[in-house]
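Descriptive structure summary
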Amino acid sequence: MTLLAAEGVTLAYGATAVVHDVSLAMDEGGVGLIGESGSGKTTLARALLGLVRPRSGVVRYGSRDLAALGRSGRAEFRRAVQPVFQDGSEALDPRMTAGASITEALTTHHRMSRAARRDRVEALLADVGLAPAIAARRPHEMSGGQRQRVAIARALAVEPRLLVLDEPTSALDVTVQARILELLERLAAEHGLGYLLITHNLGVVGRLCRTSSVLFAGRVVESGPTGELLTRPVHPYTRALRDAVPRLGGEPPATTGRTEAAPAPSGCPFRLRCPLAVDRCRDEAPLPREVEGRKVACHRAEEVLSGLPASSTSRAGGEASGAPRQ
Amino acid sequence: MSLISVRDLVVRIGDRVIASVPELDVAAGECVALVGESGSGKTTTLLATLGLVRGADVSGKITVGDVDVLAASPARLREIRGSRAALVMQSPQAALNPTMRLGTLMRRALARHGVKGAAARERAREAVRAVLLDPEILRRYPHQVSGGQAQRFAIALALALGAQVVLADEPTSALDVTVQAEVVAVLRRLRDERGLAMLLVSHDLALVSTIADRVVVMRDGAVVESGSAADVFGRPRDPYTRELIAAVPALPESAEER
C-alpha cells in the first residue's frame, strides 16, 4: 500500500501557484523528484511533510488525508516520515552535542535504559560512517559532511518508514556522498525504508530510485521508471537535464544559451527554452499523457520516441546557438 | 610562459601544514584544476596564489604575471587582484553591491582604472557579450539576475578590467546543472579565444574532466597526483585518485544512437 502520496496537489503562495496538479506516490524503496532551483520541489517536499497546506488536491498518509489528521495521527505521521534537508545544521540544535541530539530523538518515542541509548547512538553513528567520538561534539565542531550525517542518524533514530530528503548530499564530498547513498540502499533493502529523493543530480537518482518525476516550473513534465528517463528521455527538459550532466572524460555538455529564460506564462512553460517548440506549444499547454511506459507532457513526445533527434530541429522563431543545424 | 607559477609553497598554521604544493604552473590559454575533498588544501592553495591567506605562515615563491606575490606591497597586491587576476567564488551575488545596477558597478570599477565615459560603456558591453550575456543586464540590480548570470557578470567584470588570469573556487557548485553547463562553456571559450590562464578549484571530477588541461589531486594538504587530465582520469596512479573517481555517480549510457 502507498505510504505517502500527493494527489493532484496544487500549492500557492498568495495568488501565485508554484506547484500545479502534481501527483506522486511513495512506498518502500526510492522515488526521485528531479528539479532545478525554482521548480517548486522544496515547496512540494514541505507539503508532503504537512508543513504547507495544498490549495487544492490531497496529501495522503496511508488512506488518510494529512490535513485532516488528529493529534495522535499527526504524532504518528511525524515519527513515520522524517525530513532531511540540504544543510544538516538546520536540523541540529547548536547547543547540543551530536549524541544528545540523537538521544533526544530516540527517547521522544521510546523509553530506553542509559546503556541501551548509548549503544543505539553508537550504532546509528556507525551506520552513517561516523566514529563514536563524534557524539561528544557540537555542530560548530563538525565539518559540513559530519553534520549532515548526524542529521541523517537523528532522522533514522526514530525508525521512520519514509525519509523525505531534499538535496541531502549536494553539499558533501563525493566519497561521503557515496557512503550515504549506500546506507540508503541498505536500509531500503533490509528494513523496507522508503524515501523521496529530491535532487538535481541525475546520477544520484539513477542509482537509488526505481521511479522518478521531473519537475519544471511546478509541473511534472515526465515521470516513469528512472532507467527509462535517463537512457531514453522524451521530454526536451529531461533531455536537457541529462545532457547538461558532465561525464568523466566525456565531451563538454552542449549549451543552448537560453537556459535562464523564464518559464513561459502561457502554452507549454518550457517552450522558450525548447529546441523542438512549434506553434502549437505557444497556443496550447500539453497535458501529461501515457507514452510508452511513462507519462510525458509534450506535444511532440511520439516524434521524439520515433527517432527525432532533439538537437537537430530549430525552434520556431530562433535557432539554438549550441545546436547543430540540419 | 606561465602566468601563474608556484614553487615550494607551504602554508602552515602553527606546526600544522594545511597546504604544500612543490610546483604548479598555469600558462596562458590553459586550465589547471585543483581537485580534492574538504580539508585537502585546494582552496588554501588558490587563495595563497593571490596573497589572500590570513592567519597562517606562507612560504615559497608565487608569481602572478611578473609580480612576486609574497614580496609585493599591499598596494601592488590590490592592483593585481583588481585588474590582472579575477577571483570567481561560489556565490557571486554576495560579492556584488546590492544597491547598484550592474552597469554602475562596472563603470565605477573601470573609472578606478582610468577608463571613463563612452569608452567605459563600450568596454562594459563588450565584456558582457564575451560571457554570452545580453548587455541589457547592465541595467539590472544584483537581485534581478539569476545565480548563473551573476557568476558570468563577475567574470565579465574581471575581463573588462583586463584580467589575464582567472582563479575560480567552485564556481558552479551552487548552480543548477543546466546553468553550470553554460558557465563552463563560457570559461572554455575565454580560455580558448582570449588565452586566459585558469586555476580552477572543484570537488566535481566529472566537471573538471570537461574543462581542465591538467589536474592536481590534493589530500590533507599534500599533492598526491598530478598530470594531464587524460592521464589522471584515464590512468590514475594514486589509490586516492581512484577512490575519488569511483565515487562519482555515473549516468547510464544513452539508449539512442549518437
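What counts, and where the lines are drawn
- Residues numbered from 1 in each chain as written.
- Chains lettered and ligands numbered in written order.
- Predicted model: local features only at pLDDT ≥ 70, side-chain atom pairs only at ≥ 80, totals over all residues.
- Helix = DSSP H or I, 4+ residues; strand = E, 2+ residues; numbered from the N terminus.
- Buried ≥ 20, exposed ≤ 12 C-beta atoms within 10 Å, placed from the backbone.
- Contact = placed C-beta atoms within 7 Å.
- Rg over C-alpha atoms; globule rule 2.2 N^0.38 Å.
- Nonpolar A, V, L, I, M, F, W, Y, C, P; charged D, E, K, R; others polar.
- pLDDT = per-residue confidence, 0-100.
- Axes fitted to C-alpha atoms, helices over the stretch in contact; angles between N-to-C directions.
- Parallel < 35°, antiparallel > 145°, perpendicular 65-115°, else oblique.
- Left-handed = near helix turned anticlockwise from the far one by under 90°.
- Pairing = 2+ DSSP bridges.
- Core = buried A, V, L, I, M, F, W, Y, C linked by C-beta atoms within 7 Å.
- Domains from an automatic or database assignment.

**Focus: the overall build of chain A**
Each helix and strand counted, chain A has eleven helices and twelve strands in total. In terms of its C-alpha atoms, chain A occupies a principal-axis envelope of roughly 70 × 50 × 35 Å. Going through the 326 residues of chain A one by one, you find that 47% of them count as buried. A separation of at least 24 residues holds for 63% of the contacts in chain A among residues at least 6 apart in sequence.

**Things to note about the overall build of chain B**
Helix and strand content of chain B: ten helices and ten strands. In terms of C-alpha radius of gyration, chain B reaches 19 Å, essentially the compact-globule figure of 18 Å for 258 residues. In terms of its C-alpha atoms, chain B occupies a principal-axis envelope of roughly 55 × 55 × 30 Å. Taken across its 258 residues, chain B has 47% of its residues classed as buried. Partitioning the contacts of chain B with sequence separation of at least 6, the portion at a separation of at least 24 is 63%.

**Considering the interface of chain B and chain A**
Taken together, the contact pairs 38 residues of chain B with 37 residues of chain A. Counting only elements with at least two residues in the side of chain B that touches chain A, the list comes to α6 (147-160), α7 (177-194), α8 (205-209), α9 (229-234) and α10 (239-246) of chain B. Take the side of chain B that touches chain A: its biggest share by element is nine residues, from α7 of chain B. Residue composition of the side of chain B that touches chain A, grouped by class: 20 nonpolar, eleven polar and seven charged.

**Structural notes on the environment of His113 of chain B**
Residue and element names in this part refer to chain B. In this fold, His113 is placed in the loop between α4 (102-112) and α5 (117-130). The sequence separation of His113 and Asp231 amounts to 118 residues, and the corresponding C-alpha distance is 42 Å. Excluding anything up to four places from it in sequence, His113 contacts Ser83 and Leu161.

**Notes on the confidence of the model for chain B**
The share of residues in chain B with pLDDT of 70 or more is 98%, and the mean pLDDT across the chain is 90. The complex model carries a pTM of 0.86, and its ipTM stands at 0.82.

**Description of the packing of helix α9 (residues 236-244) of chain A against α7 of chain B**
In a pair of packed helices, the angle between the axes and the distance between the axes together describe the arrangement. One way to put it is that α9 of chain A packs onto α7 of chain B with a least axis distance of 8 Å and a crossing angle of 50 degrees. Classified by the interaxial angle, the pair formed by α9 of chain A and α7 of chain B is oblique. Remark: the crossing between α9 of chain A and α7 of chain B carries left-handed chirality. Contacts from Ala240, Leu241 and Ala244 of chain A in α9 of chain A reach Val177, Thr178, Gln180 and Ala181 of chain B in α7 of chain B. Class assignment for the residues of the contact of α9 of chain A with α7 of chain B results in five nonpolar, two polar and no charged.

**With respect to the sheet that holds strand β12 (residues 294-296) of chain A**
In a beta sheet, neighbouring strands pair by backbone hydrogen bonds and run either parallel or antiparallel. Residues and elements named next belong to chain A. An order of β6-β7-β8-β3-β9-β10-β12-β11 is seen for the eight strands of this open sheet, with the pairing classed as mixed. Of all the strands in the sheet, just β6 (81-84) and β11 (289-291) have a single pairing partner and so form its edges. Strand-to-strand twist of the sheet, defined as the mean angle between neighbouring strand axes without regard to direction, takes the value 20 degrees. As defined by bridge partners, strand β9 (residues 209-216) adjoins strand β10 (residues 219-225) across six bridges and the pair is classed as antiparallel. In the strand pairing of β10, Ser212 is matched with Gly224.

**Some details on the nonpolar core**
Membership of the largest hydrophobic core comes to 171 residues, with the highest contact counts inside it found for Leu196 of chain A together with Ile155, Ala156, Val165, Val166, Met198 and Leu200 of chain B. Of the residues that make up this core, three or more belong to each of domain 1 (4-214) and domain 2 (239-313) of chain A. Sequence-distant contacts of Leu196 of chain A, defined by excluding residues within four places in its chain, comprise Met26, Val31, Leu33, Leu48, Val164 and Leu165 of chain A.

**Description of the packing of helix α3 (residues 98-109) of chain A against helix α5 (residues 144-157) of chain A**
All names here are of chain A. Orientation of α3 relative to α5, taken along the N-to-C sense of each, is 20 degrees, at an axis distance of 8 Å. By the angle class used here, α3 and α5 are roughly parallel. As α3 runs across α5, the sense of the crossing is right-handed. Judged by residue contacts, Ala98, Ser101, Ile102, Ala105 and Leu106 of α3 engage Val150, Ala153, Arg154 and Ala157 from α5. Class assignment for the residues of the contact of α3 with α5 results in seven nonpolar, one polar and one charged.

**Re the environment of Val278 of chain A**
Examined against the element boundaries, Val278 of chain A turns out to sit in the loop between α9 and α10 (279-283). Taking C-alpha positions, Val278 of chain A is 26 Å from Ala17 of chain A, a pair spaced 261 residues apart along the chain.

**A short note on the domain arrangement of chain A**
How big an interface is tends to be stated in terms of the accessible area lost upon association of its parts. Its domain assignment divides chain A into domain 1 (4-214) and domain 2 (239-313). One C-alpha centre belongs to domain 1 of chain A, the other to domain 2 of chain A, and the line joining them spans 31 Å.

**So, the pairing of strand β1 (residues 4-13) of chain A**
All names here are of chain A. Strand direction decides the pairing type here: β1 and strand β4 (residues 56-61), joined by five bridges, are antiparallel. Note on β4: the bridge partner recorded for Thr10 is Ser56. Following β1, the chain reverses through two residues before pairing antiparallel with strand β2 (residues 16-26); Gly14 in that reversal takes a positive phi of roughly 60 degrees.

**Regarding unusual backbone geometry**
A positive phi angle, near 50 degrees, is found at Asp21 of chain A, a position not held by glycine. Inspection of the secondary structure assignment puts Asp21 of chain A in strand β2. By C-beta crowding, Asp21 of chain A is classed as partly exposed, having 17 other C-beta atoms within 10 Å. Even without being glycine, Leu132 of chain B reaches a positive phi, approximately 60 degrees.

**Regarding the sheet that holds β4 of chain A**
All names here are of chain A. Ordered in space as β2-β1-β4-β5, the four strands form an open sheet in which the pairing is antiparallel. Only two strands of the sheet have a single partner each, and these edge strands are β2 and β5 (64-65). Inspection of the sheet shows β4 paired to β5 by two bridges, in the antiparallel sense. Looking across to β5, one finds that Tyr61 is bridged to Arg64.

**Some thoughts on helix α1 (residues 42-49) of chain B**
Residue and element names in this part refer to chain B. Across the eight residues of α1, eight count as buried, placing the element largely inside the fold. Taken together, the buried positions of α1 are Lys42, Thr43, Thr44, Thr45, Leu46, Leu47, Ala48 and Thr49. In the segment just after α1, Gly51 is the residue with positive phi, at about 65 degrees.

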